Amino acid sequence: MSESFTKQAWVKGLKGVTNLRVLLIIAALVLLFSFTNHADQETNSFIDQLKTGISKLTDQIDLSEIKEDINEIIYGITDSINEMNGDEPKNNDNAEKIALNAPEQQTFSIANIELGSTKQNVENMYGQPKRISLNEYHTNWHTYHENYQNFFMVAYNKDGKVAGLFTNQNLISSTNGIGIGTRKEEVLSKMGAEPLTSIQKGIVRYNLPEDREYDIFHKDNSYITIFYDIHENNTVTAIQIISESLENERADMYTNGSQVLKEGFEYQLFDLTNAERVKHNLSPLTWDERVRITARKHSDDMAANAYFSHTNLKGQDPFDRMAADQITFILAGENLAYGQFSSIFAHEGLLNSLGHRKNILEKDYEYLGVGVAFNTNAQPYYTENFYAK
């Protein structure tokens, strides 16, 4: 289950602005240009003068009751200056493509890694991961990327052998020609096995949803999940491969929540979102700890009070909640998901919903915070808060 909410929020972003703040902005501009008239002769550009004026302005105004509002205004102006002056990081450098080889032992490999490869072999090829985070299998995802290009994740078993792989980028090699962009009909004809309709966990058999947008195959002593993008003609958009032994170690479809797993799911969803954006030629988003707290509080609230909505029990929508946490924005959006087994399943489900997809691929967003919480049945609630300022 998932929901999305997005809004261009110039008004919401400045909610609570009083006439006094408007007057302060006008006064700031007057002071600003007053300062620039006395600027050093070496300050030749308007942007340099603007920065100087802002710096001096902060020293001149000492109104403690509205200091926070003034700071927000100044931060917003400074951010705009940085964008104008080219100070923002760009994503123009293309990482060198990985030369892919055909798998030797199994049907699939990812970034030339197959199940059973050693951790040492992976690190000899790619070095240390960008991030290590706990997953639902009580092991860690080791996440690799170059500014979210060449993105893949590797999990190891207790013996240091590869037991899990994932990518949503063009890093799949296969013996049957399946890769990113392959149509679902072709996948079904080439896999040589029928997709599963249920998964057994102990004495419980879990039926997979009939309207699922993925197929799970039991092949090569592994569980291969192939995700489809329904907005790209039902073509392959991602793949997860989990060894049979690692899957069997998971006693239930849902893993009991913990603080470490909560953080793992949060960072994984953030990384998956950025990998998706880069895949679509968009800049990655910056992690924002403040809005992560906002998102987590909403997930905690939904899990504790058994509801699923963008509007909380106090009647606050996402923008009210962000404003209450002193987060200002000119554009903001929220994605919600509930009940998916992991961040991977949550992300792929969100991507197939147009409202959520718009948030994931909104070119003007700059920041993202993710909050996860678990209910008493270990089912996760996911909240993504996007914004720009």
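Everything below is about the structure printed above this text.
Residues numbered from 1 in each chain as written. Predicted model: local features only at pLDDT ≥ 70, side-chain atom pairs only at ≥ 80, totals over all residues. Heavy atoms only, no water.

A. Up close: the overall build of the protein chain. Each helix and strand counted, the protein chain has 12 helices and 16 strands in total. Across the 389 residues that make up the protein chain, the buried fraction comes to 52%. Residue pairs at least 24 apart in sequence account for 64% of intrachain contacts in the protein chain once pairs closer than 6 positions are excluded. Only carbon and sulfur atoms are counted for the fraction: they give 48% of the accessible area of the protein chain, which is about 18,800 Å². (Helix = DSSP H or I, 4+ residues; strand = E, 2+ residues; numbered from the N terminus. Buried < 20%, exposed > 50% of the residue type's maximum accessible area, 1.4 Å probe, protein only. Contact = heavy atoms within 4.5 Å. Areas by Shrake-Rupley, 256 points an atom, 1.4 Å probe, with all protein chains shown as cover.)

B. A look at the packing of aromatic side chains. Applying the stated criterion across every chain, the model contains 20 aromatic pairs. With a centroid separation of 6.1 Å and an interplanar angle of 25 degrees, the aromatic rings of Phe265 and Tyr382 are classed as stacked. Placement of Phe265 in helix H8 (residues 259-279) and of Tyr382 in strand E16 (residues 380-388) is noted, with a sequence separation of 117 residues between them. According to the relative accessible area criterion, Tyr382 is buried, its value standing at 1%. Judged by centre distance (5.3 Å) and plane angle (20 degrees), the rings of Tyr365 and Phe386 are stacked. On the criterion of sequence distance, the pair formed by Tyr365 in the loop between helix H12 (354-360) and strand E15 (367-374) and Phe386 in strand E16 is long-range, its members being 21 residues apart. Here Tyr365 falls in the buried class, since its relative accessible area comes to 4%. Ring-pair connections join several aromatic residues into one group, and the members of that group are Tyr148, Phe151, Tyr267, Phe270 and Trp287. (Phe/Tyr/Trp six-rings, centres within 6.5 Å; stacked < 30°, edge-to-face > 60°.)

C. Quick look at the sheet that holds strand E12 (residues 235-243). Strand order in the open sheet made by the 7 strands is E3-E4-E5-E6-E12-E11-E10, with antiparallel pairing throughout. Both outer strands of the open sheet, strand E3 (131-134) and strand E10 (214-219), are each paired with one neighbouring strand and no more. Strand-to-strand twist of the sheet, defined as the mean angle between neighbouring strand axes without regard to direction, takes the value 20 degrees. One ladder, built from 8 bridges, connects strand E11 (residues 222-229) with E12; its direction is antiparallel. Each residue of the ladder has a partner; that of Tyr223, found in E12, is Ile242. Packed on one face of the sheet, helix H5 (residues 119-126) meets strand E4 (140-146), strand E5 (149-156) and strand E6 (162-167) and runs near 15 degrees to E4. (Pairing = 2+ DSSP bridges. Axes fitted to C-alpha atoms, helices over the stretch in contact; angles between N-to-C directions.)

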